[in-house]
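Notes for the structure review
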Amino acid sequence: MANSSPLKRIKMAPIKVETFSSLPSDLLTRIFGKVASHSLEDIVHVKLTCKDFLQIAKTDYVYEQVSLDKFALGPLECVTDAKPFLHRVRAVHSDSENVDGPDVDYLDPERMYKINRQVYFLQRCRGSGNPEVLYREGVVNYFRESSGPTMQQKALENLKIAAMKG
């Protein structure tokens, strides 16, 4: 008879498997970049999930990948000048109820809060090298009437970077 030893069963400790939080942060960064390139709304939801996801979603790589298809195609002047966002209102004279006074400029606090958030977001995307922001900014600055040769050269540089990034 051959020597037959019974198989020993090895007890293994149960393995705790966590879903996304067990993945390396560089992999999560790439995943969140893909999410951001398809849906701005979805990356906002990812940020709201937990603190770890918020930190990862705030990386330059994710801001570089963000799709700006939900943003208006207008010029990005809001990044540097708040003047276009002033609201015109009519001031009412205190001595009479029905008499309109001169136009007065004021900044609506709620609107300015929203604008400041958008400006910060666009600045962050630009600083991260987001090709959509660079492209939009390049086109607007190149065709702006008041832009001189230096501004047009910078606009062409932005368009070149955007084209190289795809």
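Up top you'll find the structure we're talking about.
These numbers come from a predicted model, not from an experiment.

Within helix H2 (residues 40-47) the residues assigned to the buried category are Leu40, Ile43 and Val46. For H2, the arc enclosing every buried residue in end-on projection is 115°, short of the 170-degree limit, so these residues lie on one face.

Working note: a packed helix pair is described by the angle between its axes plus the distance between those axes. Running from amino to carboxyl end, helix H5 (residues 109-127) crosses helix H6 (residues 131-143) at an angle of 100°, the nearest separation of the two axes being 8 Å. The orientation of H5 relative to H6 falls into the category roughly perpendicular. For the pair H5 and H6, contact is made by Leu122, Cys125 and Arg126 and by Val133, Leu134 and Glu137, respectively. Across the contact of H5 with H6, the residue classes break down as 4 nonpolar, no polar and 2 charged.

Take the packing of aromatic side chains next. Applying the stated criterion across every chain, the model contains 3 aromatic pairs. When the centroid spacing of 5.2 Å and the interplanar angle of 70° are considered together, the rings of Phe32 and Phe53 count as edge-to-face. Placement of the pair is Phe32 in helix H1 (residues 25-38) and Phe53 in helix H3 (residues 51-57), with a sequence separation of 21 residues. With a relative accessible area of 11%, Phe53 lands in the buried category. Ring geometry for Tyr142 against Phe143: centres 5.0 Å apart, planes inclined by 85°, an arrangement best described as edge-to-face. Judged by relative accessible area, Tyr142 falls into the partly exposed class, the value being 29%. Residue classification places Phe143 among the exposed residues on the basis of a relative accessible area of 66%.

Next up on the list: the environment of Cys125. Relative to the elements of secondary structure, Cys125 occurs in helix H5. On a C-alpha basis, the gap between Cys125 and Tyr61 in space is 9.5 Å, while along the polypeptide they are 64 residues apart. The residues touching Cys125, leaving out its near neighbours within four places in the chain, are Tyr63, Val66, Leu68, Asn130 and Val133.

What follows is about the environment of Lys160. Mapping Lys160 onto the fold places it in helix H7 (residues 149-165). Given the relative accessible area of 56%, Lys160 is considered exposed. Put simply, Lys160 and Pro131 are 29 residues apart on the chain and 9.6 Å apart in space, counted from C-alpha to C-alpha.

Our focus in this paragraph is the nonpolar core. Counting residues in hydrophobic clusters, the biggest one holds 18 residues, and the most contacted among them are Phe32, Ile43, Val66, Leu68, Phe121 and Cys125. For this core, the secondary structure elements donating two or more residues are H1, H2, H3, helix H4 (60-65) and H5.

Now for the side chain of Ser67. Along the chain, Ser67 falls in the loop between H4 and strand E1 (87-92). For Ser67, a relative accessible area of 9% puts it in the buried group. In this structure, Ser67 is in contact with Ala36, Ser37, Leu40 and Glu132, ignoring residues within four places of it in sequence.

Here is what the cut-offs are and how they apply
- Residues numbered from 1 in each chain as written.
- Predicted model: local features only at pLDDT ≥ 70, side-chain atom pairs only at ≥ 80, totals over all residues.
- Heavy atoms only, no water.
- Buried < 20%, exposed > 50% of the residue type's maximum accessible area, 1.4 Å probe, protein only.
- Helix = DSSP H or I, 4+ residues; strand = E, 2+ residues; numbered from the N terminus.
- Arc of directions from axis to C-beta.
- Axes fitted to C-alpha atoms, helices over the stretch in contact; angles between N-to-C directions.
- Parallel < 35°, antiparallel > 145°, perpendicular 65-115°, else oblique.
- Contact = heavy atoms within 4.5 Å.
- Nonpolar A, V, L, I, M, F, W, Y, C, P; charged D, E, K, R; others polar.
- Phe/Tyr/Trp six-rings, centres within 6.5 Å; stacked < 30°, edge-to-face > 60°.
- Core = buried A, V, L, I, M, F, W, Y, C linked by side-chain atoms within 4.5 Å.

Function-wise, these values are silent; they only describe arrangement.
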